[in-house]
Amino acid sequence: MKYSRRTKGAVALAGVAAFALLATGCSSGGSTASSTGSSTDPITLTVTTFGTMGYDDLYKQYEQLHPNITINATNIDTGDNAKTDWQTKEAAGAGLPDVQAVEEGWLSAVMQVSDQFNDLSQYGANDIKDRWVSWKLAQATDAKGRIIGYGSDIGPEGLCYNSKDFAAAGLPTDRDQVAALFGGDNATWDDYFKVGAQYKAATGKAFYDQSGFIWNAMVNQQAEGYYKKDGSLNVDGNATLQGLWNKLATATASGLSANQTAWDWGKGKAFTDGTFSTFVCPGWMLGVVKGQVTSAGGDATTGWDFANVFPGGAANWGGSFLTVPTQSKHPQEAADLAAFLTNAKSQAAAFGVAGTFPSVTAAQTDPAVTGTNDLSTFFNNAPIGTILGERAKGVVAQFKGPDDSVIQSQVFGPAIQEIDSGKADGPTSWNDAITLLNQLVVNK
Amino acid sequence: MTATLTPPQEQKPAAETPAQKPKVPFKYRLNRFDMKASPYLYIAPFFILFGLVGLFPLGYTFVVSLNKWNLLTGPGGFVGLANYGAELTDPFFWNSLFNTVSIFLLSAVPQLIIAVVIAAVLDQNIRGKTFWRMSVLIPYVVTPVAVTLIFSSAFDEKYGAINNLLQFFHLNPIMWKTETFPSHVAIATMVNWRWTGYNALILLAAMQAVPRDIYESAALDGAGAIRRFFSMTLPSIRPTMIFVIITATVGGLQIFTEPKLFNPTTATPGGPQRQYQTTVLYLWDLAFNRQNFGKASAVAWLLFLIIVLFGLLNFLISRRIASTEAKSSKRKTARILAQYNENKIS
C-alpha cells in the first residue's frame, strides 16, 4: 500500500507540473497595461539604439533630471542587426523597447506598419516640430499625417582623405586645396576618378576602399533613386544610374578600388596601412573611421583629414529617428525621453561623441558642433561641424521604396562584388543586377 | 508487486464463476488505473512541452506557408501550395540546398571518421584518461559565435592568418570568402572543430559498453588490433553510430550560425554571390530581408521534409553497412564450420 500511495503522489505531481506548464505557456501574453500620462512612480524605460549614437552621457543626465526614471539602454552593433531585431519583435508583437531608434534605410519598412508606432503629436510633437529641418520631419510623418519619429541625426557627406598618402603621391594635403583639387563646389565623379588615376599612377595603390559606398553615394544624391516619387521602380532603363555605374566600373577596373570587406576593413588595418586614401564620409561615419583607425592601433597621426567637398554634389546617407512603439507601456515618458535626446543641446553633445550631425537647425550652429571636440582633433583639427553644415546645404530626402534595402544589398551587392573582384565589366554586371532585380523585386 | 495489489482470495472465484461477478472495490480499480495511466502522466510534461514549442510552431508554419504573408503586415490571402511551387523553381533555393549538402558532406564525413578514430584511441588503456576525454570536449564548450569569429579572422582573404602563411611560402592566397569550394571547406572546418570531440565522446561511451572479455578471447585467437576494431568494435556500436549519423545529419542540414557569421558584413547573407548561403540562411534572408514570411515558411517545411528523407536514407544505409558486415561474417563462419566438419568426416 505504501508503494501505491507514493505513486499517487507522483501522479498528482506530474499532473500539477503538466498544468503548470500549460498555464505558464498561456499566461505570458496577457499582462496588464498601466496608465498613460506622466507619473512620479518609479519606472524603467528601455531604449534600443545601434551603431554609435553617443547617448550614454545623455541617459545619465536624463536620469538625474528625472529621479523616478531608470533608463535601460541596449545598443546593437550595426543598423542591419538592429533592423532584424526590430522586425522580429514587431512580427512577434512583443518585446519592443519604449524608445526604438530607426534608421532612414529601413524607414520604408517601418512605414508599412506605421500604426504600430505612437503618433507623437499626441505626446507633444506639435510643440517642438519646428526644431527639425523640414524634410527630416516630413520623412517621419506617415501617409495619415501621424508623426511617428523624432529625427536625431542626418548624414550629409564629405570626403575623408589621408593627407600622408596624398603627400606621398605628390598631391596637395591642405584640406582647402584638396577640396579645390576635386573641383570644389562643382566637384564631379569624373574629377574624383581623375585624381584617383593620378594617385594610382604615383603610388600604385588603390584610391577607395570598395565600390559599394561610392555607388551608394551616387544613388543617394539623385533626386530619385531606386524608386520614383510615385513609388514605381526606377532602375531598369535608368540612363543616369547606368551611366554612373559604368563610370564606377571603369574606374574600379583600372585598380582604384581596394576590394575591401566593408565594415571590416581587416579589423581596421586597411585604414592605417595606406591600402586606400579616400573615403566617403557622412557625419556619423567620422566616428566609425576613428573607431576603425583606433582599433588597428592608429591615432590622429595616421593622417586622416576631412575635406569640404563631395563629388557629384550634395548627398545624404542615413540618419536616424527615435520612435515610440505602441507596445510601450509608458508612451508619454518615452516620448519625453525621445524629445530630450533629440533636442538641440543633446544633438550637439552627441555630435561631439559620435559625429552624428544634428537634424535640429538650432544645433547645427551650436558652438559644440562648430567648435573643436575629440573627433575634430582626430581629423587633424578639421572644423568637421562647420564642413558638415556646408555639406548639408542642398540635401533633400530621397523617396525610399519598400524594397530599397533589398535592391541596395542583394541586387547591386553581388554586382559590386563582381566589378571589385574583376569578374565582370560594367555592362555585364549591370545586366546581372537587372536579372536579380527581376528575380527578387519585380517577380517576387 | 501484483501480490500486494490484488488480494488472492478475490482472484480465483471471479474467474470460475463469471455469472455472479463480485463488485470490484474502488481502491482496486483506482490502483489498476494508477498502474495503467501513471506512466503516461510521467512522460506527459515532455509531450505537452513538445506540443507547445514543437508541434504547434510546426503546424503554424504550415498554415503560414499556405498564405501570402508579409513578415510585418501579416497575412495577405490564401495561395495554397503556390509558395512551395515558387520555391521549387527558384534557383536560389536549389543553390542553398547544394551549398547545404556540400558543407554537410565536407563536415559530416571527415568528422565522423575522425570521431571514431579518436574514440578508439581514447578507449585504449592510456594514462590520464579523464584528461584526454575532457580535452576533446573543449571545442564543444566554446560558443559557436566565438568559434566563428576566430575562424573567420583566420580565413580572412587579405589579412587572415592562413593566407598570410600561404603567401609566406609564396603560394597564391585562397579566396575563402568569395569562392564556392574554399568557403565550404572553411565553414566545414568550423563545424568539424566544434563537433568532432562531442561525437567522439558519445562513440567512446558506446565502445566502453562492449564487453572486454570478447576482445581478450579474440586477441587470444590471434585477431590484431585493427581486425578487432573492424570486426568487433564497429558492429558492436552500430546503434550508437546510427544515432550519431542521424544527429549529425539533422545538425548539418540545419547549419546557420557558421555561414551567417563567417562574413557578417556582406550585403547578401551567405557571401556576395550566395556562395555559401545554406538553406536556413536562405530562409532567414527570405523572412527578414525580403519580408516574405510565407515563402520562408514553405522553405522551412521543405527543409523539414528533406531532413526526414536524409535521416531515413542515412538510417537505411548505415544499418545496411553494419548488417552486411554481420551477414558476411556469419556466412564466413558457416563456411569455416562446414569445412571443419568435412575435414572431421574425411
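Residues numbered from 1 in each chain as written. Chains lettered and ligands numbered in written order. Predicted model: local features only at pLDDT ≥ 70, side-chain atom pairs only at ≥ 80, totals over all residues. Heavy atoms only, no water.

Caption draft 1: Spatial organisation of the overall build of chain B. Counting secondary structure elements, chain B contains 15 helices and 2 strands. For a compact globule of 346 residues, the expected C-alpha radius of gyration is about 20 Å, and chain B comes in at 28 Å, more than 25% above that figure. Referenced to the eigenvectors of the C-alpha coordinate spread, the extents of chain B come out at roughly 90 × 70 × 45 Å. With 346 residues in all, chain B has 40% of them scored as buried. Across chain B, contacts joining residues at least 24 apart in sequence account for 68% of those joining residues at least 6 apart. With the model as given, the accessible surface of chain B reaches about 20,000 Å², and the carbon-plus-sulfur share is 70%. Within chain B, one finds 30 positive and 16 negative side-chain charges whose respective centroids are separated by 6 Å. (Helix = DSSP H or I, 4+ residues; strand = E, 2+ residues; numbered from the N terminus. Rg over C-alpha atoms; globule rule 2.2 N^0.38 Å. Buried < 20%, exposed > 50% of the residue type's maximum accessible area, 1.4 Å probe, protein only. Contact = heavy atoms within 4.5 Å. Areas by Shrake-Rupley, 256 points an atom, 1.4 Å probe, with all protein chains shown as cover. Lys, Arg positive; Asp, Glu negative; His and termini not counted. Charge placed at Lys NZ, Arg CZ, Asp CG, Glu CD.)

Caption draft 2: Region of the structure containing the overall build of chain A. Regarding its fold elements, chain A presents 21 helices and 8 strands. Principal axes of the C-alpha set define a box for chain A whose edges measure 95 × 50 × 45 Å. With 444 residues in all, chain A has 55% of them scored as buried. Summarising the internal contacts of chain A: among those between residues at least 6 apart in sequence, 77% fall at separations of at least 24.

Caption draft 3: Structural context of the state of the cysteines. All names here are of chain A. With the rule as written, the count across this model stands at 1 disulfide over all chains. Disulfide partner of cysteine 160: cysteine 281, at an S-S distance of 2.0 Å. In this structure the cystine formed by cysteine 160 and cysteine 281 twists about its S-S bond by roughly -115 degrees; its chirality is therefore left-handed. A residue pair is termed long-range when its members are at least 10 positions apart, and cysteine 160 in strand β4 (residues 149-162) and cysteine 281 in strand β5 (residues 278-282) qualify at 121 residues. (Disulfide = S-S within 2.5 Å.)

Caption draft 4: The arrangement of the interface of chain A and chain B in detail. On the side of chain B, 40 residues touch chain A, which itself brings 46 residues to the contact. Carbon and sulfur atoms make up 59% of the area that chain A and chain B hide from each other, which totals about 3,600 Å². The tally of links from chain A across to chain B stands at 0 salt bridges. Along the contact surface separating chain A from chain B lie 10 residue pairs in polar contact (both at pLDDT 80 or more). (Buried area = accessible area lost by both parts, 1.4 Å probe. Salt bridge = Lys/Arg side-chain N within 4 Å of Asp/Glu carboxyl O. Polar contact = N/O pair within 3.5 Å; in protein donor to acceptor, adjacent residues only side chain to side chain.)

Caption draft 5: How the structure looks around the packing of aromatic side chains. Residue and element names in this part refer to chain A. Under the criterion given, the structure shown has 67 aromatic pairs over all chains. Measuring from ring centre to ring centre gives 5.3 Å for tryptophan 132 and tyrosine 150, while their planes differ by 20 degrees; the resulting arrangement is stacked. Of the two residues, tryptophan 132 sits in the loop between α5 (125-128) and α6 (134-139) while tyrosine 150 sits in strand β4, which places them 18 residues apart along the sequence. Pair check on accessibility: tryptophan 132 and tyrosine 150 agree, each one buried. Ring centres of phenylalanine 276 and tryptophan 304 lie 6.1 Å apart, and the angle between their planes is 55 degrees; on these two criteria the pair is classed as tilted. Of the two residues, phenylalanine 276 is situated in the loop between α12 (269-272) and β5 and tryptophan 304 in strand β6 (residues 304-307); the sequence distance between them amounts to 28 residues. Neither residue differs from the other here; phenylalanine 276 and tryptophan 304 are each classed as buried. Joined through ring pairs, the aromatic side chains of Tyr161, Phe166, Phe182, Trp189, Tyr192, Phe193, Tyr199, Phe207, Tyr208 and Phe310 make up one cluster. (Phe/Tyr/Trp six-rings, centres within 6.5 Å; stacked < 30°, edge-to-face > 60°.)

Caption draft 6: Structural detail: the pattern of salt bridges. All names here are of chain A. Here the structure, examined in full by the defined rule, presents 9 salt bridges over all chains. Where aspartate 264 meets lysine 267, a salt bridge forms, and the shortest distance between an N and an O atom there is 3.1 Å. By relative accessible area, aspartate 264 is classed as buried at 12%. On the basis of relative accessibility, which here comes to 46%, the residue lysine 267 falls in the partly exposed class. Here lysine 393 and glutamate 390 are joined by a salt bridge, their closest N and O atoms 3.2 Å apart. Exposure remark for lysine 393: the relative accessible area of 55% places this residue in the exposed category.

Caption draft 7: Molecular detail of the side chain of glutamine 347 of chain A. Mapped onto the elements, glutamine 347 of chain A comes out in helix α15 (residues 344-354). For glutamine 347 of chain A, the contacting residues outside a window of four places in its chain are Trp132, Gly151, Ser152, Leu341, Thr342, Thr356, Pro358, Ser359, Val360 and Ala363 of chain A.

Caption draft 8: Layout of a positive patch on the surface. Residue and element names in this part refer to chain B. On the surface, a cluster of positive charge is made up of Lys23, Arg29, Arg32 and Lys36. Position of lysine 23 among the secondary structure elements: in the loop between α2 (8-16) and α3 (26-65). For lysine 23, a relative accessible area of 80% puts it in the exposed group. (Patch = residues over 30% accessible without salt bridge, like charges linked within 9 Å, V, L, I, M, F, W, Y side chains within 5 Å.)

Caption draft 9: Representation of the packing of helix α11 (residues 239-256) of chain A against helix α21 (residues 426-442) of chain A within the structure. Residue and element names in this part refer to chain A. Close contact between α11 and α21 brings their axes to 9 Å; oriented N to C, the two are set at 130 degrees. On the basis of the axis angle, α11 is oblique to α21. You can see that α11 and α21 cross each other, and the crossing is right-handed. The segment α11 lies against α21, with Leu241, Gln242, Trp245, Asn246 and Ala249 engaging Gly426, Pro427, Ser429 and Trp430. Classifying every residue of the contact of α11 with α21 gives 5 nonpolar, 4 polar and no charged. (Axes fitted to C-alpha atoms, helices over the stretch in contact; angles between N-to-C directions. Parallel < 35°, antiparallel > 145°, perpendicular 65-115°, else oblique. Left-handed = near helix turned anticlockwise from the far one by under 90°. Nonpolar A, V, L, I, M, F, W, Y, C, P; charged D, E, K, R; others polar.)

Caption draft 10: View of the pairing of strand β2 (residues 69-76) of chain A. All names here are of chain A. Two strands pair when backbone bridges link them, and strand β1 (residues 43-50) and β2 are joined in this way by 8 bridges, in the parallel orientation. Paired with threonine 44 across the strands is threonine 70, a residue of β2. A crossover connection joins β1 to the parallel β2 through helix α2 (residues 56-65); in handedness this β-α-β unit is right-handed. (Pairing = 2+ DSSP bridges. Right-handed = clockwise from strand over helix to strand, strands pointing away.)

Caption draft 11: Quick look at the confidence of the model for chain B. Residues and elements named next belong to chain B. Put simply, chain B has an average pLDDT of 88, and 90% of its residues get 70 or more. Within chain B, the element-level pLDDT minimum falls on helix α1 (residues 2-5), averaging 47, and the maximum on helix α4 (residues 82-88), averaging 96. Overall, residues 10-16 carries pLDDT values under 50, and its contacts beyond four positions in sequence, including any with other chains, amount to 3 contacts. Taken over the whole predicted complex, pTM reads 0.83, whereas the ipTM for its chain interfaces reads 0.82. (pLDDT = per-residue confidence, 0-100.)

Caption draft 12: Inspection of the packing of helix α10 (residues 211-220) of chain A against helix α20 (residues 404-420) of chain A at higher detail. Residue and element names in this part refer to chain A. For the pair α10 and α20, the least separation of the axes is 9 Å and the interaxial angle reads 130 degrees. Considered as vectors, α10 and α20 are oriented oblique to each other. Crossing geometry of α10 relative to α20 is assigned as right-handed. Counted together, Ser211, Gly212, Trp215 and Asn216 of α10 and Gln408, Phe412, Ile416, Ile419 and Asp420 of α20 form the full contact between these two elements. Along the lines of polarity and charge, the residues of the contact of α10 with α20 split into 4 nonpolar, 4 polar and 1 charged.

Caption draft 13: Summary view of helix α11 (residues 225-236) of chain B. Residues and elements named next belong to chain B. Listed in full, the buried residues belonging to α11 are Phe229, Met232 and Thr233. One side of α11 holds all its buried residues, which, seen down the axis, span an arc of 125 degrees. Along its buried surface, α11 packs onto α5 (91-122), α9 (180-208) and α10 (212-220). (Arc of directions from axis to C-beta.)

Caption draft 14: Molecular detail of the pairing of β1 of chain A. Residue and element names in this part refer to chain A. A large share of β1 lies buried, amounting to 6 of its 8 residues. The pairing of β1 with strand β3 (residues 99-103) spans 2 bridges and is parallel. When the bridges of β3 are listed, valine 47 appears paired with valine 99.

Caption draft 15: Spatial organisation of a nonpolar patch on the surface. Where nonpolar side chains cluster on the molecular surface, the patch consists of Tyr40, Tyr42, Ile43, Phe46, Phe47, Phe50 and Leu55 of chain B and spans about 780 Å² of accessible area. Mapping tyrosine 40 of chain B onto the fold places it in helix α3.

Caption draft 16: Local environment of the side chain of arginine 391 of chain A. Residue and element names in this part refer to chain A. Considering the arrangement of structural elements, one finds arginine 391 in helix α19 (residues 384-392). Buried charge arginine 391 goes without a salt bridge, the closest partner of opposite sign being aspartate 185 at 4.9 Å. One polar contact links arginine 391 to asparagine 308, side chain to side chain, over a distance of 3.2 Å. In contact with arginine 391, other than residues within four places in its own chain, are Pro156, Glu157, Gly158, Asn308, Val309, Phe310, Gly313 and Ala314.

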